[in-house]
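This is what each chain is made of:
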Amino acid sequence: MEFHQFHPTGLAGLGILITEGVRGEGGILRNADGERFMERYAPTIKDLAPRDIVARSMVLEVLEGRGAGPNKDYVLLDVTHIPEETLMAKLPDIMEFSRTYLGVDPVTELVPVYPTCHYVMGGIPTNIHGEVLRDNDHVVPGLYAAGECACVSVHGANRLGTNSLLDINVFGRRSGIAAAEYANTHDFVPLPENPATMVEEWVAAMLSDHGNENVMTIRTELQQTMNDNAAVFRTEETLSRALTDVRALKKRYEHVTVTDKGKRFNSDLLEAIELGFLLELAEVTVVGALNRKETRGGHAREDYPNRDDENFMVHTMAYKEGEGTGAEIRLDTKPVVQTRYEPMERKY
Ligand SMILES: Cc1cc2nc3c(=O)[nH]c(=O)nc-3n(C[C@H](O)[C@H](O)[C@H](O)COP(=O)(O)OP(=O)(O)OC[C@H]3O[C@@H](n4cnc5c(N)ncnc54)[C@H](O)[C@@H]3O)c2cc1C
């Protein structure tokens with residue numbers, strides 16, 4: 001879960017995605033001095049380098065003081081040399097988003113952009129039939145996962161653009177077929193008495209008036225600490241800070257309550273429930289990132305800037321042990337299966 005992909009071009013301050021197609025059509029990233037800085041980081045393919053490299057280069061420009069804007073906290077996307085008809089025909093979304101959300105017209109102005117959290121390479125471990133795996137690749141009978149929530153391990157540490165939809169189509173179909181076959185050939189297991197009690201109690205606690213914590217406040221603080229401490233670049237120090245913060249927020253989450261007490265279409269309640277999952281995923285992300293003392297794909301450690309195949313050419317497996325505040329995350333590893341293409345350091 002430590003491998004999160006940051007897409008290079010989110011609208012600055014908003015994160016709304018500006019498609020990669022814009023650089024495919026000739027869009028150029030510039031710093032506050034107007035320099036096409038990707039020439040320094042990836043001299044051969046420049047702005048067309050993979051997402052992790054472009055995102056890291058953008059953040060470095062900002063960290064080293066060459067960011068644009070009043071706070072020098074973003075870089076600029078330049079498409080002013082592309083004819084307006086081409087932009088309107090091929091990239092209508094970016095035109096609309098920039099004009100609507102930032103009041104910037106890409107035809108004549110440079111668009112403020114900054115990396116935005118985009119895709120999770122990790123997820124629920126599965127085999128190629130969508131069957132969920134746990135310790136030593138044991139199948140969890142009857143449990144399937146497919147799509148972005150799953151990790152069938154085809155993307156490595158850095159998914160290439162387009163491949164999520166391929167993954168979803170291929171492995172969604174395979175999982176569906178396997179799950180249907182399983183359902184047709186197995187009997188139901190007996191349910192425990194009152195199987196819904198756990199969820200009912202959980203929801204009732206959130207609807208009760210006893211909590212004094214607010215969903216929005218905790219979520220905002222979670223976003224803040226993950227953005228500040230566990231984003232494109234990480235160090236032992238920032239990750240430790242994130243872990244302390246996330247664990248404190250988890251404790252506060254136990255006292256969360258929602259204002260809408262209704263039973264129909266209660267989005268307040270939905271957000272409260274989802275926040276609990278976000279907190280758990282944030283903790284797993286940070287614990288995995290702390291443990292991976294190397295830089296690879298979507299995981300860049302400033303204090304360990306090199307890739308370390310000897311120790312870390314492995315998947316991180318994370319298990320939650322125990323319940324409630326006493327729960328701990330146990331980490332394990334799983335070897336990477338290498339096939340025809342031997343992984344190697346990328347140079348551009
Ligand atoms: C802006 C953007 C652009 C992208 N562009 C590309 C691209 O060009 N090419 C590419 O390959 N990938 C792209 N990706 C990535 C790709 O779109 C996603 O990885 C993919 O859509 C995920 O599909 P999914 O079906 O696994 O999950 P989702 O599309 O997230 O679907 C999950 C569904 O489950 C529902 N759900 C959630 N919780 C519950 C619950 N408890 N009960 C019932 N339902 C629930 C949700 O409402 C949702 O409908 C992009 C992603 C983003 C954000």
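Residues numbered from 1 in each chain as written. Predicted model: local features only at pLDDT ≥ 70, side-chain atom pairs only at ≥ 80, totals over all residues. Heavy atoms only, no water.

**Describing the overall build of the chain**
Within the chain, the secondary structure is distributed over 11 helices and 12 strands. What you see for the chain is a C-alpha radius of gyration of 22 Å, in line with the 20 Å of a compact globule of 348 residues. The C-alpha extent of the chain, read off along each of the three principal axes, is 70 × 55 × 45 Å. In the chain, which comprises 348 residues, the share counted as buried stands at 40%. Considering only contacts in the chain between residues 6 or more positions apart, those separated by 24 or more positions represent 65%. Working note: accessible area of the chain is about 19600 Å², and carbon and sulfur atoms make up 54% of it. Within the chain, the 54 negative side-chain charges are centred at a point lying 3 Å from the centre of the 36 positive side-chain charges. (Helix = DSSP H or I, 4+ residues; strand = E, 2+ residues; numbered from the N terminus. Rg over C-alpha atoms; globule rule 2.2 N^0.38 Å. Buried < 20%, exposed > 50% of the residue type's maximum accessible area, 1.4 Å probe, protein only. Contact = heavy atoms within 4.5 Å. Areas by Shrake-Rupley, 256 points an atom, 1.4 Å probe, with all protein chains shown as cover. Lys, Arg positive; Asp, Glu negative; His and termini not counted. Charge placed at Lys NZ, Arg CZ, Asp CG, Glu CD.)

**Considering the pairing of strand β4 (residues 111-120)**
The sheet contact formed by strand β1 (residues 4-11) and β4 spans six bridges and is antiparallel. Bridged to H7 within β4 is T116. In the sheet, strand β3 (residues 75-78) pairs with β4 via three bridges, with the strands oriented antiparallel. Its bridge partner being in β4, L76 is matched across the sheet by P112. (Pairing = 2+ DSSP bridges.)

**Observations regarding the sheet that holds β1**
One open sheet accounts for four strands, arranged β1-β4-β3-β2; its pairing is antiparallel. At either end of the open sheet lies a strand with only one pairing partner, and these are β1 and β2 (28-30). Looking at each pair of strands side by side, their axes are set apart by 45° on average, direction ignored. (Axes fitted to C-alpha atoms, helices over the stretch in contact; angles between N-to-C directions.)

**Comments concerning the nonpolar core**
Ranked by internal contacts, the top residues of the largest apolar core, which has 26 residues, are L222 and V286. Those elements giving two or more residues to this core turn out to be α7 (197-207), α8 (215-229), α9 (236-253) and α10 (267-291). With 10 residues, α10 is the single largest residue contributor to this core. Beyond its immediate chain neighbours, meaning those up to four positions away, V286 contacts M226, A230, L239, A242 and L243. The next biggest cluster of nonpolar side chains, apart from the first, holds 24 residues, and it includes V75, I82, I94 and V111. (Core = buried A, V, L, I, M, F, W, Y, C linked by side-chain atoms within 4.5 Å.)

**A word on the site of the ligand**
In the vicinity of the ligand, the contacting residues are L17, H118, Y119, G147, E148, R159, T162, N163, S164, L165 and I168. For the ligand, an oxygen atom lies 2.6 Å from a polar atom in the side chain of E148. Contacts to the ligand include L165, whose backbone N or O atom sits 2.9 Å from an oxygen atom. For the ligand, the accessible surface in isolation is 990 Å², of which the surrounding protein chains cover 34%. (Near = heavy atom within 4 Å. Polar contact = N/O pair within 3.5 Å; in protein donor to acceptor, adjacent residues only side chain to side chain.)

**Let's talk about the packing of aromatic side chains**
Evaluation of the coordinates by the stated rule reveals four aromatic pairs. When the ring centre of Y119 is taken as reference, the NZ or CZ atom of R159 above it lies at 4.0 Å. (Phe/Tyr/Trp six-rings, centres within 6.5 Å; stacked < 30°, edge-to-face > 60°. Lys NZ or Arg CZ within 6 Å of the ring centre and 35° of its normal.)

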